[in-house]
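Residue-level listing of the chains:
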Amino acid sequence: MSRRTLGGIIALVGAILIVAGLVLMLVVVPGMKQFPDDVDTTRTYSGTMPVLLNPATFEFMTDLDVELSRNFRTEEVDGDVALVYEEQILLAGGEPLQRLVKHYAIDRKSMEVSDTYPEAWASKEGFWPREGLVLGWPIDTEKKDYVGWSDDYRDTVSLAFSEEVQHDRAGITTYYFTAGAPARPIHPDAVTAMGLPNALPKEQFAGLIQGADVSDALKNMIPVLLDQWEEEAIPLQYYYEYEAEYWIEPDTGVLIDTRKHELRKVGLGDEFLEMSPLLANMSEEQRAGSRVTVFDLTYQATDGAVQDAKEDAEDAANQIELFGTTIPIVAIIIGALLIVVGGVLVLSKAPTVE
């Protein structure tokens, strides 16, 4: 084989390496920056519940130490859209208190809910129209506010960027977001999903009020009002308020830690309030004071969950670094060197024999 032929082959290999490196960096890796098709992750949170109304027995449970388990996994993928299953289980002493199942159709790159998905997905349990972020933040999270979603309100909420901070337990730099809202009515469909009634028989409602932490004046007033109410059941209205903190690893969008306080209360429905001039003329502050707490939960990710999230973020970042920077740069450098060597061989003259 002549030097020129060998040089040409070496230069060709070098060119192939450069093209492969550029394709890996500019085409393959950007395609990797999306919600994977094989996610199956569980995060655990520990918390306290000063008050919980058992919807099955309508008895108040107090001062509970609880654990919240959140599992989410990819069920199907259709191009850039993924069907994600989420199961939340609230436990006290190992016994389940509440279980919720949800399905989301999310854009695998933006992590926002998608309104384009296979028709069959809409029949999945806990699947309904949503907007914004529901599971986590996108890869390459920015220092800006994002739109989130509340299933209680069946409406969007703001996820406000606060600052870049060092997360103590994880030992990594994170973006710190906050969210929250004052008491707002819970959507009737959300009430049903939580197993709570939208109305109660008079006798059961009277028992609820007597066992609740409300003023004696309200307790004394209720029997009189119940006698005036002609219907068999008392209409109810539920309210939800919360404060939340989120720590996000920005390069991967992985949720490292969450701390949240959720408060749900039940009050009299508007129809009942309008029956009595005294109740109808109550200020919003007075109406808020007459509501009964049925769910009071404060929780935060466990140390184990924080470390698992950190490892997930590091693994994802390492994969992106390896295939997006290290391997392409090495391939391009070696390719360039081979082109130079090949060029020298092609241009050099073969030695003459005397």
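Right above here is the structure, for reference.
Just so it is clear, the structure is predicted and the values come from calculations on it, not from any experiment. (Residues numbered from 1 in each chain as written. Predicted model: local features only at pLDDT ≥ 70, side-chain atom pairs only at ≥ 80, totals over all residues. Heavy atoms only, no water.)

Asks: Go over the overall build of the protein with me, naming the residues and quoting the values.
Replies: In terms of regular secondary structure, the protein is built from eight helices and 11 strands. The proportion of buried residues among the 354 residues of the protein is 43%. A sequence separation of at least 24 residues applies to 64% of the contacts in the protein between residues at least 6 apart. (Helix = DSSP H or I, 4+ residues; strand = E, 2+ residues; numbered from the N terminus. Buried < 20%, exposed > 50% of the residue type's maximum accessible area, 1.4 Å probe, protein only. Contact = heavy atoms within 4.5 Å.)

Asks: Give a description of the nonpolar core that names residues and reports values.
Replies: Formed by 71 residues in total, the largest nonpolar core has its most connected members in Ile106, Trp137, Phe205 and Tyr246. Residues within four places of Trp137 in sequence aside, it is in contact with Met111, Tyr146, Leu159, Phe177, Tyr246, Ile248, Gly253 and Leu255. Judged by nonpolar contacts, the second largest core, of five residues, contains Leu83, Ala105, Trp121 and Phe127. (Core = buried A, V, L, I, M, F, W, Y, C linked by side-chain atoms within 4.5 Å.)

Asks: Quick one: what's the story with the pairing of strand β3 (residues 81-92), residue by residue and with numbers?
Replies: Of all 12 residues in β3, 10 are buried, a share of seventy percent or more. The pairing of strand β2 (residues 59-78) with β3 spans 12 bridges and is classified as antiparallel. Bridging across to β3, Thr74 finds its partner in Val84. What sits between the antiparallel neighbours β2 and β3 is a turn of two residues, in which Gly79 has the positive phi angle 65°. Across 12 bridges, β3 lies against strand β4 (residues 95-107) in antiparallel orientation. Bridging across to β4, Tyr85 finds its partner in His103. (Pairing = 2+ DSSP bridges.)

Asks: Would you mind going over the pattern of salt bridges in detail, with residue names and values included?
Replies: As enumerated under the stated definition, the model contains 13 salt bridges in all. Between Asp151 and Arg130 there is a salt bridge, and its shortest N-O distance comes to 3.0 Å. Linking Asp151 in the loop between β5 (146-150) and β6 (155-167) with Arg130 in the loop between β4 and β5, this pair joins segments that are 21 residues apart in sequence. Asp151 sits in the buried class, given a relative accessible area of 13%. In this structure Arg130 comes out as buried when scored by relative accessible area, which is 8%. A salt bridge links Glu245 to Arg259, with the shortest nitrogen-to-oxygen separation between them at 2.6 Å. Placement of Glu245 in strand β9 (residues 233-249) and of Arg259 in strand β10 (residues 254-268) is noted, with a sequence separation of 14 residues between them. Classification of Glu245 by relative accessible area gives buried; the value is 19%. According to the relative accessible area criterion, Arg259 is partly exposed, its value standing at 33%. The network of salt bridges with shared partners includes Lys102, Arg130 and Asp151. (Salt bridge = Lys/Arg side-chain N within 4 Å of Asp/Glu carboxyl O.)

Asks: Please give an account of unusual backbone geometry that cites residues and values.
Replies: The phi dihedral of Asp63 is positive, around 50°, even though this residue is not glycine. Along the polypeptide, Asp63 turns up in strand β2. In this structure, Arg154 is a non-glycine residue whose phi angle is positive, near 55°. Tracing the chain through its elements places Arg154 in the loop between β5 and β6.

Asks: Give me a nonpolar patch on the surface: which residues, what numbers.
Replies: Together, Ile329, Ile333 and Leu337 line one region of the surface with nonpolar side chains, adding up to about 270 Å² of accessible area. Take Ile329: it is sitting in helix α8 (residues 303-347). (Patch = residues over 30% accessible without salt bridge, like charges linked within 9 Å, V, L, I, M, F, W, Y side chains within 5 Å. Areas by Shrake-Rupley, 256 points an atom, 1.4 Å probe, with all protein chains shown as cover.)

Asks: I'd like to hear about a negative patch on the surface, residue by residue, with values.
Replies: Among the surface-exposed residues, Asp308, Glu311, Glu314 and Asp315 lie close enough to one another that they form a single negatively charged patch. Within the secondary structure layout, Glu314 lies in helix α8. (Lys, Arg positive; Asp, Glu negative; His and termini not counted. Charge placed at Lys NZ, Arg CZ, Asp CG, Glu CD.)

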